[in-house]
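Fold and geometry: a report
In case you want the letters, here they are:
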Amino acid sequence: MSSIIQLLPDHVANQIAAGEVVQRPASVVKELVENAVDAGATEIKLIVKDAGKTLIQVIDNGKGMSVTDARLCFERHATSKIRQAEDLFSLHTKGFRGEALASIAAIAHVELKTKQDQEELGTHIVIEGSKFVSQDVAVLPRGTSFSVKNLFFNIPARRNFLKSDTVEFRHIVDDFERVALAHPNIHFMLYHNGSEMFNLPQSNLRQRIVNVFGGKTNEKLVPVTESTEIMGIQGFVGKPEFAKKNRGEQFFFVNDRFIKSPYLHHAIMAAYEGLLKDGSQPSYFLYLDVPPHTIDINIHPTKTEIKFDDDQAMYAILRSSIKHSLGQFNVAPILDFERDSSLDIPYDYREKESETPLIQVDANFNPFADEAPVKSFASSSGGSHSFGSSFNSGYKKQLNNSSWESLYVGLKTATEEIDVSEIQFESEEVTGSLFDDKEVESTGNRTYQIQKKYIVSPIKSGMMILYQERAHQRILYEQLLTNITVHHAASQQLLFPLELHFSQSEMTMIKELRSSLENTGFVFSAMTAEILVISGLPVNVSESEVRGLLEELICDLQGELPESSFSQSDRIAKSMARSLSVKTGTYLTEKEQENIVNSLFACKDPNVSPFNKPTFITMGVEDLDKRFAV
């Protein structure tokens with residue numbers, strides 16, 4: 001019997017490995033930018049075209065590579081980060097596996113230009129699908145430049161699975177922000193299709209956060225600082241009043257490496273307990289300094305998951321540190337009614353030593369000396385008398401001039417004024433009825449609200465029960481979809497324009513949705529890189545709802561719905577319908593209930609909500625008879 005097991009060629013093995021390492025253009029950006037950070041660069045430039053599908057170029061001024069290293073870096077499991085297995089538990093670099101460059105070179109056209117500082121000439125290498133095309137000597141500046149073109153050119157099925165340019169570029173921005181926030185001492189730049197998206201100069205941590213997410217972020221941040229034997233914590237958390245619906249501004253960094261940890265996220269939510277509205281998410285930028293031998297990074301190809309030795313202790317430290325910061329800066333309320341705020345010691349004084357207070361003594365003070373004479377004030381006539389005596393005498397004279405009998409002058413007796421015969425008494429006979437006949441007759445089609453959640457309406461065969469939130473979602477969805485696609489909706493002008501602040505990535509998305517939002521009734525008077533000025537709103541939207549509505553819309557559109565089956569207008573209508581619909585727990589008047597019932601059955605598809613969930617059920621008389629065993 002012949003053997004059937006054989007070794008795969010290197011280029012096939014690299015393509016298989018690339019399926020785990022390179023999932024989308026953002027994966028290439030992450031690997032190349034992290035390599036630039038490991039190379040000791042102080043300036044990193046990222047150039048992207050067509051959301052990375054056409055070009056991804058990373059230019060740094062790091063230490064560069066020699067001719068041998070430049071050729072060897074594209075081999076599998078070739079790395080400069082570790083030498084032996086024990087090094088995995090003392091990592092101080094971003095990468096360590098040595099698979100990224102080999103995987104990228106297997107599925108794209110790669111061009112490498114690199115030069116070390118002490119060398120006069122650099123190396124220029126071109127690789128296409130794991131095949132070395134050329135290797136030349138070139139005059140280059142210090143550092144390395146990686147160009148990745150035509151990603152997935154030899155795997156067309158994988159290229160077809162990529163999302164739209166908007167979605168793919170959003171993932172690139174996410175990975176770029178994670179590396180930029182972890183290293184504020186490096187100058188980062190990002191260009192997309194020739195336009196500058198980010199220019200982040202070297203700064204401190206707080207300034208880097210503000211540069212990435214906009215100037216308005218500065219007032220939201222509350223500093224967190226703690227140092228223990230298990231770990232050290234630095235960073236900032238957001239104030240509860242600035243909490244958002246999405247999880248966009250939540251970052252954990254362990255030893256300057258971005259991670260995702262639902263367990264530590266739960267610790268932060270526990271610290272905010274009682275301070276957030278339902279469904280709101282706080283912002284946080286936390287940097288954890290943990291001994292490398294207590295964590296295991298080699299779990300997932302993306303290196304965003306980490307195992308901790310003592311995660312329960314980290315949970316407790318993180319939770320208490322954030323609660324301490326929120327209380328220290330008077331963000332969280334303190335239930336101490338007898339506390340005197342004047343006795344609070346500023347937190348900055350904890351490191352200062354106490355000083356001996358200065359004592360001043362008045363050597364001329366004599367407690368047995370005669371009392372000072374009473375000060376007197378001169379009168380208008382030139383004489384002097386006591387102010388207190390003149391006041392009292394004047395007050396007494398005013399009292400003596402009037403007698404108590406004058407208070408009752410002009411009053412008449414009750415018998416002279418009131419005529420008893422003219423008094424009308426309530427009759428004992430009841431002329432009205434408690435229930436009007438017309439009301440009793442009209443109650444046949446009345447609707448009722450149950451638990452501020454369901455609307456019950458009687459029908460001929462029994463009764464119908466509507467889920468008020470889903471029914472209203474269906475009504476608003478069809479109205480908004482009609483306004484976006486067919487005609488413009490009515491708009492209510494604001495007396496004072498509303499100014500909202502968003503991050504650059506959020507503003508980019510709002511600009512793409514501008515025409516659709518204007519069709520729903522929004523009127524935008526100005527749009528800058530971080531500020532949105534609204535001068536008109538849809539009729540059914542109040543000013544207090546605008547920010548939450550737009551944030552939820554951005555959050556929903558960040559989901560990766562298939563572009564072919566759901567249009568952008570459809571997703572906007574669904575998101576706005578969910579935000580503006582009547583929520584469970586809202587009291588509705590009888591007219592509002594009837595309006596929802598009538599409007600629902602005027603829709604094209606009243607049976608289900610925009611999210612394919614039932615809006616109502618019916619219960620016939622037969623169903624009720626069965627329940628009562630009639």
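Now for a description of the structure that goes with this document. (Residues numbered from 1 in each chain as written. Predicted model: local features only at pLDDT ≥ 70, side-chain atom pairs only at ≥ 80, totals over all residues. Heavy atoms only, no water.)

1. A word on the overall build of the protein
On a plain count of helices and strands, the protein comes out with 19 helices and 24 strands. When burial is assessed residue by residue, the protein has 40% of its 630 residues classed as buried. The long-range share in the protein, meaning contacts at least 24 apart out of those at least 6 apart in sequence, stands at 67%. Carbon and sulfur atoms make up 52% of the accessible area of the protein, which amounts to about 38000 Å² in all. (Helix = DSSP H or I, 4+ residues; strand = E, 2+ residues; numbered from the N terminus. Buried < 20%, exposed > 50% of the residue type's maximum accessible area, 1.4 Å probe, protein only. Contact = heavy atoms within 4.5 Å. Areas by Shrake-Rupley, 256 points an atom, 1.4 Å probe, with all protein chains shown as cover.)

2. Some thoughts on unusual backbone geometry
Backbone geometry places D50, a non-glycine residue, at a positive phi of 55°. Among the structural elements, D50 can be located in the loop between strand 1 (43–49) and strand 2 (55–60). Judged by its relative accessible area of 34%, D50 is partly exposed. In this structure, Q451 takes a positive phi of about 55° despite not being glycine. Position of Q451 relative to the elements: it lies in the loop between strand 18 (448–450) and strand 19 (454–459).

3. Digging into the packing of aromatic side chains
Across all of its chains, the model carries 16 aromatic pairs by this definition. With a centroid separation of 6.0 Å and 65° between ring planes, the pair formed by F253 and F258 is classed as edge-to-face. Taken together, F213, F251, F253, F258, F285 and Y287 form an aromatic cluster joined through their ring pairs. Between R470 and the ring centre of Y467, over which it is positioned, the NZ or CZ distance is 4.6 Å. If you follow R547 out to its NZ or CZ, it ends over the ring of F502, 4.8 Å from the centre. (Phe/Tyr/Trp six-rings, centres within 6.5 Å; stacked < 30°, edge-to-face > 60°. Lys NZ or Arg CZ within 6 Å of the ring centre and 35° of its normal.)

4. Structural notes on empty space enclosed by the protein
Inspection of every chain in the model, using the stated rule, returns five cavities of 30 Å³ or more. Lining the second largest cavity are 14 residues, with F213, K220, H501, F502 and S503 sitting closest to its centre. For the lining of the second largest cavity, the class distribution of residues is two nonpolar, five polar and seven charged. (1 Å grid on protein atoms, 1.4 Å probe; cavity = no way out; pocket = protein on both sides within 12 Å on 5 of 7 lines; lining within 4 Å. Points joined across faces, edges and corners; volume = space filled by probe spheres on them. Nonpolar A, V, L, I, M, F, W, Y, C, P; charged D, E, K, R; others polar.)

5. Remarks on the side chain of Q449
Along the chain, Q449 turns up in strand 18. Reaching out from Q449, the side chain makes a polar contact with the backbone oxygen of T586 at a distance of 2.8 Å. Apart from residues lying up to four places away in sequence, Q449 is in contact with Y454, Q468, T586, Y587, L588 and Q593. (Polar contact = N/O pair within 3.5 Å; in protein donor to acceptor, adjacent residues only side chain to side chain.)

6. Some thoughts on the pairing of strand 9 (residues 221–227)
Relative to strand 10 (residues 232–238), strand 9 runs antiparallel, the two sharing seven bridges. Note that in strand 10 the partner of S227 across the bridge is G232. (Pairing = 2+ DSSP bridges.)

7. A few points about the packing of helix 8 (residues 262–271) against helix 9 (residues 311–328)
Helix-helix packing: each pair is described by the crossing angle between the helix axes and the interaxial distance. For the pair helix 8 and helix 9, interaxial distance at closest approach is 8 Å and the crossing angle is 30°. With respect to the hand of their crossing, helix 8 and helix 9 are arranged in right-handed fashion. Each of Y263, L264, H266, A267, I268, A270 and A271 in helix 8 lies in contact with helix 9, whose residues at this interface are D311, Q312, M314, Y315, L318, R319, I322, K323 and L326. Considered class by class, the residues forming the contact of helix 8 with helix 9 number 11 nonpolar, two polar and three charged. (Axes fitted to C-alpha atoms, helices over the stretch in contact; angles between N-to-C directions. Left-handed = near helix turned anticlockwise from the far one by under 90°.)

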